[in-house]
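# Reading the structure
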Amino acid sequence: MALLEVKKLGISFGGLRAVDDFSVSIEKGDLYGLIGPNGAGKTTIFNLLTGVYKPTDGSITLDGVNITGKSTIEINKAGIARTFQNIRLFSKLSVLDNVKAGLTNKYRYSTATGIFRLPKYFRLEREMTERALELLRPFELDGDADVIAANLPYGKQRKLEIARALATDPKLLLLDEPAAGMNPKETAGLMNTILTVRDDFGVTVLLIEHDMALVSGICEKLSVLNFGQLLCEGPTGQVLNDPEVIKAYLGE
Amino acid sequence: MAFLDYLINGISLGSIYAVIALGYTLVYGIAKMLNFAHGDVIMVGGYVIFTMMSNVGLNSYVSVLIAMAACTVLGITIEKIAYKPLRQSTNLAVLITAIGVSYFLQNIALIIFGEKPVTFKSVIDLPKITLFDGQIVIKSEAIASIIVSVVIVVGLSLFVNKTKSGRAMLAVSEDKDAARLMGINVNRTISLTFAIGSGLAAIAGALLCSSYPVLSNTTGAMPGIKAFVAAVFGGIGSIPGAMVGGLLIGVIEILGRAYISPQLADAIVFAVLIIVLIVRPTGILGKKVNEKV
């Protein structure tokens, strides 16, 4: 059974059909790419998958559980986390606190426990700090734990966003243009990071990307979206050589 | 010696303003709204304590605890009924609603307790401190106000910066959508903010009415506005800023009343606000906002 099964997904904003009849099946352990020209509806699909938008049609199943129309929090608990096209860290919080914010639901203690600083508070906060540092280590961010997120260099902010998303312990991680604004060297580093996420954390990855070096470098399978509809899908090499895909990107 | 006396009075009043200002600043910092009904929650807290002590005959500290519980419930209820439906509306709509809630609370109190002010019995029964052979007498209410406000500021800072719920509040204050996508329950976090702010309002009510023992349905209005000035003065959204702003406003008000003019004391407070806003729009401890071009 596929980890993520999307069937005939669609959403209309007024008269605009932003996504229409979109289906995809992602297996556990896949590194899957979603590509397409600007305005094709890629980010809209991420917003549908994470419950930011409610689909007008179709269904979304994660690991056998129907999550169609569920709230963002329920979907996050079910196991989908994401990063954003334009970085949206909690910029005034420290690197460590950003990741700890992502751990909120995994370590439960009451507000009263926090106010009165009961022994449970100290134990769980210590466990959270340890877990957060563990999540930061593969991204080489553990040394920057006390830095305010806004003061990190750009490439590290991208990595921190991934670490924060992983803190919610997802089965599926959605990366929205992770290489946006990166130079080729940073992109190469990012490709390793994404492979680490998949191989060491055991998280399935679905990413949106325009950077073809990254897409052809690490994605195993692709879906191409054009004008809100699925144009083509399959193994990366095959899809990128498809005449329809080349036409959508380059014109006639 | 008179100056020292005024200064202590000012710090004491300022401490009360600080506790009220914390409620404003907390709600503004996290929910990004000005809860102008905050001052009236103080008045409700005052009446709850008065009723519990005078009519039910309870111990003063138990009465304060009951008032805190009542105001916490009231704060959560106000947020749920009046503000939550407006989460997506303009700030102006929420502001006007808050003013509406303020009048609503004042008029409910008017119906229940009548227009005649009641005399509030101090909740603090500690001995006063006499210094310099009786030249300076510090009332126990003043000492209590100062100690309580310091404890609250320290406690609240630790809570917001060092606990899971506090971290969730900071995350929500920066980016509600991103917080939600990280599994943080935004509605519950905002409710918690109102609960804490309103619980503090009850404590402020106890301190205010103990120091100035006349309680009517408009008791909370003016201190509420001055505490709002204090919050803006210190830098709205900043917890230490609320403390600094509260103390300064209290001291300025009392010294202004003593040395310049009793009638102009309030005018001086607001004039100070105008000057601060011209010189430093983000307040004394407020963060400078850099507009990205």
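Residues numbered from 1 in each chain as written. Chains lettered and ligands numbered in written order. Predicted model: local features only at pLDDT ≥ 70, side-chain atom pairs only at ≥ 80, totals over all residues.

The next thing to look at is the pairing of strand S2 (residues 16–26) of chain A. Sheet analysis places strand S1 (residues 4–13) of chain A next to S2 of chain A, joined by 7 bridges and oriented antiparallel. Paired with Glu-5 of chain A across the strands is Ser-25 of chain A, a residue of S2 of chain A. (Pairing = 2+ DSSP bridges. Helix = DSSP H or I, 4+ residues; strand = E, 2+ residues; numbered from the N terminus.)

We now examine the interface of chain A and chain B. Taken together, the contact pairs 26 residues of chain A with 19 residues of chain B. Breaking the side of chain A that touches chain B down by element, the ones donating at least two residues are helix H2 (72–78), helix H3 (95–102) and helix H4 (111–116) of chain A. The class makeup of the residues in the side of chain A that touches chain B is 9 nonpolar, 10 polar and 7 charged. (Contact = placed C-beta atoms within 7 Å. Nonpolar A, V, L, I, M, F, W, Y, C, P; charged D, E, K, R; others polar.)

Let's shift gears to the sheet that holds strand S10 (residues 229–235) of chain A. All names here are of chain A. The sheet built from 6 strands is open, its strands ordered S6-S7-S8-S3-S9-S10 with mixed pairing. The sheet is open, and its two edges are formed by strand S6 (80–82) and S10, each paired on a single side. With direction set aside, neighbouring strand axes in the sheet form an average angle of 20°. As paired strands, strand S9 (residues 221–226) and S10 are joined by 6 bridges and run antiparallel to one another. If you follow Asn-226 over to S10, its bridge partner there is Gln-229. (Axes fitted to C-alpha atoms, helices over the stretch in contact; angles between N-to-C directions.)

Residue and element names in this part refer to chain A. With respect to topology, 4 strands assemble into an open sheet ordered S2-S1-S4-S5, the strand pairing being antiparallel. Each edge of the sheet is formed by a strand with only one pairing partner; in this case those strands are S2 and strand S5 (65–66). Both strand S4 (residues 57–62) and S5 contribute to a ladder of 2 bridges, which runs antiparallel. Bridging across to S5, Thr-61 finds its partner in Asn-66. Each of S1, S2 and S4 is contacted by helix H1 (residues 42–49), which is oriented at about 70° to S2, the strand it contacts most.

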